[in-house]
Amino acid sequence: MTNRVEIKGGNWPEEKINLSIRQTPKEGESFSSYLVRTARANYVSYLDIRKYARPDKTNRKYVASTSCFMNQVDWQPQSFNVHKMGAVLGLDMVTIECMTFTPVMDKYSSNWKQDTMRATLSLCKEIVRDRRRLCPECVSELGYFKLIWQVREINLCKKHLTPLISECTQCGKKINYVFEEMWDLECPHCRMPLKNEGNGNEDIDYHNELKKYKRWKFLLSPTQETIPTIKGLNFEQSLACILLYHSQATDRWEGYKAVSYLGRDTAKGLASLIRNPKSTTANKSKINLQQILKVTRKSGIELEELYNIKVPDQYVDSFLLTHMKLDNNEDICGPCLAPWCESYQSSDTIEELYNTSVGKKIRKKNIIHKKLFGCTKCFMRYGRNGDSEWTEIDGKIGVIWSEIKPCIEQGLTTSAILKKTGIHDIFLDVYIGYMIQHKLIDIDIIGFVEPVVYPKNLVELFKKLKIRNFSNICTVPFYHSVLKKCKYTLGEDRIEVFYYAADKELNYKQLFENWDNTMDKSKKVELLTSQIEHVIESLTCEDEISIDKVASLAGCAKTTIMDRGFSKIIKEKKEKYKQHMLTKEKSHLEKMFLSYKENILLNNELLHVQRTVTHLNRSHQYLKRYHGELLIRIQLDSEIIKSQQKLEILKRLEREISRVVASIYLSRQKLTIQNVANEIGIRYHSTVLGSQINKMIRTEIKKARE
């Protein structure tokens, strides 16, 4: 009986498949192996079962190439209808998924079915999908193919201690992932028996191979409990906490250096995932299988031990306490995030810092902050990060509350704290001085003696030292100079110096008042603008002007002049200076031309334009561009002088022609134009005035004949 089923791409017959023999799944068997084994026992093709359980939304091309997708049933169960497949095979959905790599994806993503592409891409890097890997002895003994053999890093059979094969030893071609004669152990290409010719005893670390088996057995096991959530975090956030905690990553490390087992960008993405899973950075840095395996391989810890690590609450607080999601408005400030502060989770004591209130911008962790705020009680600085989250920008809260304070309460020495936390010794002294000043630790534990006499001139002293706040001392060159200056005034102990540097009155003036007596930005801009204008006005049209010259005279940068809109004014001044210089040059060139013209007229010579231009020591193009009137005047004078000389020459020739014609006529010689010209001694054909001379001779000959 054949039914007609409406499917996208055409009507396709759906055959009812009745499997009288239903096999029992064996331990570690892959679903593709079980599918072919069941079809073989019922004397049907596995392709018929595969086509029957195709997805509802399929097409003719997909159905025609079903055999090409048989390997996907092991690592991508969503490529077929699991419910329809289970009805045919008599298996439930959980049993089918246990024969695939689904439990592996469940170990690092709780919602991988909503983001299948990301989860499967991570898995596919760790498994072999284009060929079948097997141990011939195990297949002969057990009668099925194990799923764990497809893991890329597993190269050895655990039972026989022989290498797994994936290619035919005779023809060298790879073994197909699924084919009808799988249990015959014959190559589908050359029909030669598949066997392992290696002895399995050369250059193989058996202990390492067994660790790989144990690691993947945990990943493939569906009975393992998932990670318990931490302080209300979801599965991915809890796993990110474990990875960062085991890699010794803290919030102060983020963005600066690599942690023990993870890269800088990876640690930054996982930290963003913990703080705000919906942020842009967190969406790009979802946890993948490679990160988990990388941590276990480098640290040498088992996966089961990694998943059972208990993360202290204070470590989680170091990420959660310093960030809070707010609106995108920069003027809106959030609460204080320091747990020891009197105004914790309150915004009553939050004020804008003086520097940003007067228009200055502060760069911190590659972010330019236009607005920064601070707490008037604990003096922590707050702003917004790249995801517009309200955060403590200096990273001090996590270090003080979650790292240094627990170590001091345990009675660890400063050297032990340095070794455990990896904090620089200068930073440690600064933080300890701050904690003593704000009474966060017992001074008896740290061995600090509180001074009997407290200095009264701390503000004036630190102004002389030019210290803005206690964290600025952390630069090494400045640190040594500060200690040297404070040796006799504040004490020789550097913790005592930083204890005074954390004074509340001092910190308030440093953060919220005009500490350096700096001028308001608007007033400073007005003063600088007036100064630049005065410099420009003082330069007359006879003075050469440029942006560099104005900047040097005004004592500012070139960019300041260009940003303030003075470029146009300087350009106009430059044009005036240029016109002044051209006018001055024109008068000089005119004087040179007049003197040259007088000499030409005295010598009764022609005035040539090119010779005149050469005499002026300028090019023809230069005069045409900048002194066009002078060039036109030279050309006109040259034409006038030429025409005057022509008239004089013609008058002289006319008198000479009259005399010669009369002489020839009286001597009874032949009166022709050529004879007259020869007698005068001119060749009228080759002269410029040849036509006029010819006309004059004809006229005189005509008069003589009359």
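Okay, the overall build of the chain next. The helix and strand inventory of the chain stands at 34 helices and nine strands. The long-range share in the chain, meaning contacts at least 24 apart out of those at least 6 apart in sequence, stands at 62%. When the accessible surface of the chain is totalled, it reaches about 38,700 Å², and 49% of it is carbon and sulfur.

Attention shifts here to the confidence of the model for the chain. Looking at the chain as a whole, its pLDDT mean stands at 76, while 78% of the residues score no less than 70. The least confident element of the chain is strand E1 (residues 2–7), whose mean pLDDT is 32; the most confident is strand E7 (residues 373–375), at 89. Every residue in residues 1–14 is under pLDDT 50, and counting partners more than four places away or in other chains gives 23 contacts. Below a pLDDT of 50 lies the segment residues 57–68, which in the model reaches 15 contacts outside its immediate sequence neighbourhood of four places, other chains included.

Here we take up the environment of Phe593. With respect to the secondary-structure elements, Phe593 resides in helix H29 (residues 567–602). By relative accessible area, Phe593 is classed as buried at 0%.

Going through the model one piece at a time under the given rule, you end up with 18 salt bridges. Residue Arg297 pairs with Glu153 through a salt bridge whose shortest N-O separation is 3.0 Å. Of this pair, Arg297 sits in helix H14 (residues 289–299) while Glu153 sits in the loop between helix H9 (136–142) and helix H10 (206–220); the two residues are 144 residues apart in sequence, bridging distant segments of the chain. We classify Arg297 as partly exposed; its relative accessible area is 39%.

In this structure, Tyr108 and Trp149 are the most contacted members of the largest nonpolar core, which totals 82 residues. Not counting residues within four places of it along the chain, the set of residues in contact with Tyr108 comprises Ala119, Ser122, Leu123, Phe235, Glu236, Leu239, Ile287, Asn288, Leu289, Ile292 and Tyr307. With 39 residues, the next largest nonpolar core counts Phe373, Tyr431, Tyr499 and Ala501 among its residues.

The subject of this paragraph is the packing of H10 against H14. The geometry of a pair of packed helices is captured by two quantities: the angle between their axes and the separation between those axes. One can describe the packing of H10 onto H14 by two numbers: an axis separation of 12 Å at closest approach and a directional angle of 145°. Between H10 and H14 the crossing geometry is right-handed. In this structure, H10 contributes Arg215, Trp216 and Leu219 to the contact, and H14 contributes Leu289, Leu293, Thr296 and Arg297. Its residues assigned to classes, the contact of H10 with H14 comprises four nonpolar, one polar and two charged.

This part takes up the packing of aromatic side chains. Within this structure, the stated rule accounts for twelve aromatic pairs. Judged by centre distance (6.5 Å) and plane angle (25°), the rings of Phe31 and Tyr34 are stacked. One end of the pair, Phe31, and the other, Tyr34, are both in helix H1 (residues 31–41), three residues apart, so they sit about a helical turn from each other. The exposure class assigned to Phe31 is buried, which follows from its relative accessible area of 0%. Classification of Tyr34 by relative accessible area gives buried; the value is 0%. Here the aromatic rings of Tyr382 and Trp390 are separated by 5.5 Å at their centres, their planes lie at 15°, and the arrangement is stacked. On the accessibility criterion, Tyr382 (0% relative accessible area) is buried. Classification of Trp390 by relative accessible area gives buried; the value is 1%. A network of ring pairs unites the aromatic residues Trp340, Trp401 and Tyr434 as a single cluster. The side chain of Lys107 reaches across the aromatic face of Phe218, ending 5.6 Å from its centre.

Our focus in this paragraph is H1. A large share of H1 lies buried, amounting to nine of its eleven residues. What H1 keeps buried is the set Phe31, Ser32, Ser33, Tyr34, Leu35, Val36, Arg37, Thr38 and Ala39. Tucked into the core, H1 has its buried residues touching helix H2 (46–52), helix H4 (72–75), helix H5 (82–89) and helix H6 (93–98). Tyr43 sits one or two residues past H1 and shows a positive phi near 60°.

Take the pairing of strand E9 (residues 389–392) next. Of the two faces of E9, the one lined by Glu389 and Thr391 and the one lined by Trp390 and Glu392 are each fully buried. Sheet analysis places strand E8 (residues 381–384) next to E9, joined by three bridges and oriented antiparallel. Within E9, the residue paired with Tyr382 across the bridge is Glu392.

Residue alternation in E8 divides its side chains into two sets, Arg381 and Gly383 and Tyr382 and Arg384, and both sets are buried. Here E7 folds back onto E8, and the loop between the two strands holds five residues, one of which, Phe379, carries a positive phi near 65°.

With that settled, consider the environment of Asn176. Structurally, Asn176 is set in the loop between H9 and H10. Remark: the alpha-carbon pair of Asn176 and His189, spanning 13 residues in sequence, is separated by 9.2 Å. Setting aside its immediate chain neighbours within four residues, Asn176 contacts Arg132, Pro188 and His189.

The next point concerns H14. Leu289, Gln291, Ile292, Leu293, Val295 and Thr296 are the residues of H14 that are buried. Buried-residue contacts for H14 involve helix H7 (102–106), helix H8 (116–124), H10, helix H11 (235–246), helix H12 (264–275) and helix H15 (303–307). Of the residues that open H14, the one with a side-chain oxygen 3.2 Å from the backbone nitrogen of Gln290 is Asn288. Immediately downstream of H14, the backbone of Gly300 shows phi near 80°, a positive value.

This part covers unusual backbone geometry. We note that Tyr43 has phi near 60°; this positive angle belongs to a residue other than glycine. Of the residues examined, Tyr43 reaches a relative accessible area of 77% and is grouped as exposed. Of note in this structure, Phe379 is not a glycine but carries a positive phi near 65°. Turning to its location among the elements, Phe379 is positioned in the loop between E7 and E8.

On to the packing of helix H18 (residues 396–409) against helix H19 (residues 414–421), then. For the pair H18 and H19, the least separation of the axes is 10 Å and the interaxial angle reads 140°. What the angle tells us is that H18 and H19 run oblique. As for the relative orientation of H18 and H19, their crossing is right-handed in sense. When H18 is examined against H19, the residues Glu403, Cys407 and Ile408 are found in contact with a partner set consisting of Ile417, Lys420 and Thr421. Residue composition of the contact of H18 with H19, by class: three nonpolar, one polar and two charged.

Before going further, it helps to examine the side chain of Glu29. Relative to the helices and strands, Glu29 resides in the loop between strand E2 (10–15) and H1. Separated by 3.2 Å, the side chain of Glu29 and the backbone nitrogen of Tyr34 make a polar contact. Aside from chain neighbours lying at most four places away, what touches Glu29 is Tyr34, Arg37, Met99, Tyr144, Phe145, Lys146 and Leu147.

The rules behind the values
Residues numbered from 1 in each chain as written. Predicted model: local features only at pLDDT ≥ 70, side-chain atom pairs only at ≥ 80, totals over all residues. Heavy atoms only, no water. Helix = DSSP H or I, 4+ residues; strand = E, 2+ residues; numbered from the N terminus. Contact = heavy atoms within 4.5 Å. Areas by Shrake-Rupley, 256 points an atom, 1.4 Å probe, with all protein chains shown as cover. pLDDT = per-residue confidence, 0-100. Buried < 20%, exposed > 50% of the residue type's maximum accessible area, 1.4 Å probe, protein only. Salt bridge = Lys/Arg side-chain N within 4 Å of Asp/Glu carboxyl O. Core = buried A, V, L, I, M, F, W, Y, C linked by side-chain atoms within 4.5 Å. Axes fitted to C-alpha atoms, helices over the stretch in contact; angles between N-to-C directions. Left-handed = near helix turned anticlockwise from the far one by under 90°. Nonpolar A, V, L, I, M, F, W, Y, C, P; charged D, E, K, R; others polar. Phe/Tyr/Trp six-rings, centres within 6.5 Å; stacked < 30°, edge-to-face > 60°. Lys NZ or Arg CZ within 6 Å of the ring centre and 35° of its normal. Pairing = 2+ DSSP bridges. Polar contact = N/O pair within 3.5 Å; in protein donor to acceptor, adjacent residues only side chain to side chain. Parallel < 35°, antiparallel > 145°, perpendicular 65-115°, else oblique.

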